[in-house]
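Each chain, letter by letter, is given below.
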Amino acid sequence: MKPTCREPPCRDIGFAVPGSLATHTGGYGYDRRLIAALQERGLPVRHLRWPAAFPAPDADDLAQVARSLQAWPDGSVVIIDGLAFGAMPAQAAAEARRLALVAVVHHPLALEPGARSGLLASERAALRHARAVIATSATTANFLVSDYGVPAQRLLVAPPGTDPAPLAACIGQPPRLLCVGAITPRKGHDTLVAALAEVADLDWLCTLAGDPTRAPDFESAVQRQIQAAGLADRIRVAGEVAGVGRLYQAADLFVLASRHEGFGMALAEALAHGLPVIATRAGAIPALVPQAAGALVPPGDPEALAQALRRLLSDPEARRRAAAVARAAGQALPGWDLATDRVEDLLRSLMSGPAAPPASP
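First, a word on scope: everything that follows refers to the structure included in this document. All figures in this text were calculated on a predicted structure; none of them were measured in a lab.

## Comments concerning the sheet that holds strand β11 (residues 277–280)
An order of β9-β8-β7-β10-β11-β12 is seen for the six strands of this open sheet, with the pairing classed as parallel. Only two strands of the sheet have a single neighbouring strand rather than two, namely β9 (235–239) and β12 (294–297). Across the sheet, the mean angle separating the axes of adjacent strands is 20° when strand polarity is ignored. Inspection of the sheet shows strand β7 (residues 176–180) paired to strand β8 (residues 205–209) by five bridges, in the parallel sense. Of the residues in β8, the one forming a bridge with Cys179 is Leu208. In this fold helix α12 (residues 302–314) packs onto β7, β10 (253–255), β11 and β12, with an angle of close to 175° to the strand it touches most, β12.

Below, the structure is given as structure tokens:
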């Protein structure tokens, strides 16, 4: 643990997040924990609540962001969540020589299925003006270098921490499946429901826990898919759940059919609870979840997902072996000190060092 305050003394640091910081997603959870941890270290981090419309802001939203940035004195450090940063290239360009702008990229916005046209170019343009970019995984950092042209020397990998957790019961009869993630196309709930329909002959119950409001049309389509498959009495769409840890503890198997993950905090939590995990080989997942902890299948492949589900649902001994691997992997995950240490060092360097120019346009 680092000391709570180190010289030199520092000015306020802005940390801008669109919408409510209490939103139940991995990205918001990362920002929330990082802000609190940095404040505990004695850094004067001030949360800035920006419009919730990002990454699709209108002119009024962007004008509000411009005013927010203009209010900070020259030389200030302002951290901006990637949900907003990638959609504000003009505002980043206007302030980049005056402020030290730091982007936090959980995953590139352009990788969201159905992302609006021009978002890739917008993100690339905005990131050119970041003094530093915090990526939540090495996979995301490598992608930012290869596909976004972010110089490696401006990148900092600061993975989310994972809290210790009690072992899941893993004694359900029938087995209880858990999926945690906002109901959006990127999380692949449609693929999961299709796979569950293929194993409807087996005993199981499934809970889908996550924000149902972020992609209403997709959520409605998933609900219709559940009804059409005759699974309404076996798949519970629970919405956002406070104290989601109790769901992990009551589960027997964790499953997530993501089309992309920049890290996968829900997967890390499943490992910490010692749950067997069935997930996809998408984004950063293979670097986080061992194959022997359950199964990793191609994204968007309900048949492969169904085969993995059938194997573990039909074989309690295979689930026990996978749970042991998952628990060992979970115990090896870093806590929040690692990310906090790295970000604290970056911020103190930016605040005490010479005023370096921003990225070249």
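From this point, the narrative continues.
## Side note on the side chain of Lys187
If you trace the backbone, Lys187 turns up in the loop between β7 and α7 (189–198). The buried category is assigned to Lys187, whose relative accessible area is 13%. Side chain to side chain, Lys187 and Glu261 meet in a polar contact 2.6 Å long.

## A word on the state of the cysteines
In protein chemistry, a disulfide is the covalent bond that joins the sulfur atoms of two cysteines. Taken as a whole and judged by the stated rule, the model has zero disulfides. Here Cys179 stays unpaired: no disulfide links it, and the sulfur of Cys206, its closest cysteine neighbor, is 6.5 Å away.

## Remarks on the sheet that holds strand β6 (residues 155–157)
Taken in spatial order, the six strands of this open sheet run β2-β1-β3-β4-β5-β6, and their pairing is parallel. Each edge of the sheet is formed by a strand with only one pairing partner; in this case those strands are β2 (45–50) and β6. Strand-to-strand twist of the sheet, defined as the mean angle between neighbouring strand axes without regard to direction, takes the value 25°. Looking at chain direction, strand β1 (residues 13–18) and β2 are connected through six bridges and run parallel. Considered in β2, the bridge of Gly14 is made with Arg46. Each of β1, β2, β3 (77–81), β4 (100–105) and β5 (132–135) touches helix α1 (residues 26–40); the most contacted strand, β1, lies at about 160° to it. This element, helix α2 (residues 59–70), spans β2, β3 and β4 of the sheet and lies at about 160° to β2.

## What to know about the pairing of β5
Residues Ala132 and Ile134 point to one face of β5 and Val133 and Ala135 to the other, with burial holding for every one of them. One crossover worth recording links β4 to the parallel β5 by way of helix α5 (residues 119–127), and it is right-handed. As defined by bridge partners, β5 adjoins β6 across three bridges and the pair is classed as parallel. The residue bridging Val133 from the neighbouring strand is Leu155, located in β6. Note on the crossover from β5 through helix α6 (residues 138–148) to β6: the handedness is right-handed.

## Some details on the environment of Leu333
Its location among the elements puts Leu333 in the loop between α13 (316–331) and α14 (336–352). Assessed through its relative accessible area of 18%, Leu333 is described here as buried. It is 28 Å that separates the C-alpha atoms of Leu333 and Arg310, two residues lying 23 residues apart in sequence. Contact partners of Leu333, with chain neighbours within four places excluded, come to Thr162, Ala268, Leu271 and Leu288.

## Topic: the pairing of β1
Each regular strand displays side chains that alternate between the two surfaces of the sheet. The buried count for β1 comes to six of six residues, which makes it a mostly enclosed element. Residue alternation in β1 divides its side chains into two sets, Ile13, Phe15 and Val17 and Gly14, Ala16 and Pro18, and both sets are buried. Each parallel crossover has a hand, and for β1 linked through α1 to β2 it is right-handed. As paired elements, β1 and β3 share four bridges and run parallel to each other.

What counts, and where the lines are drawn
- Residues numbered from 1 in each chain as written.
- Predicted model: local features only at pLDDT ≥ 70, side-chain atom pairs only at ≥ 80, totals over all residues.
- Heavy atoms only, no water.
- Pairing = 2+ DSSP bridges.
- Helix = DSSP H or I, 4+ residues; strand = E, 2+ residues; numbered from the N terminus.
- Axes fitted to C-alpha atoms, helices over the stretch in contact; angles between N-to-C directions.
- Contact = heavy atoms within 4.5 Å.
- Buried < 20%, exposed > 50% of the residue type's maximum accessible area, 1.4 Å probe, protein only.
- Polar contact = N/O pair within 3.5 Å; in protein donor to acceptor, adjacent residues only side chain to side chain.
- Disulfide = S-S within 2.5 Å.
- Right-handed = clockwise from strand over helix to strand, strands pointing away.

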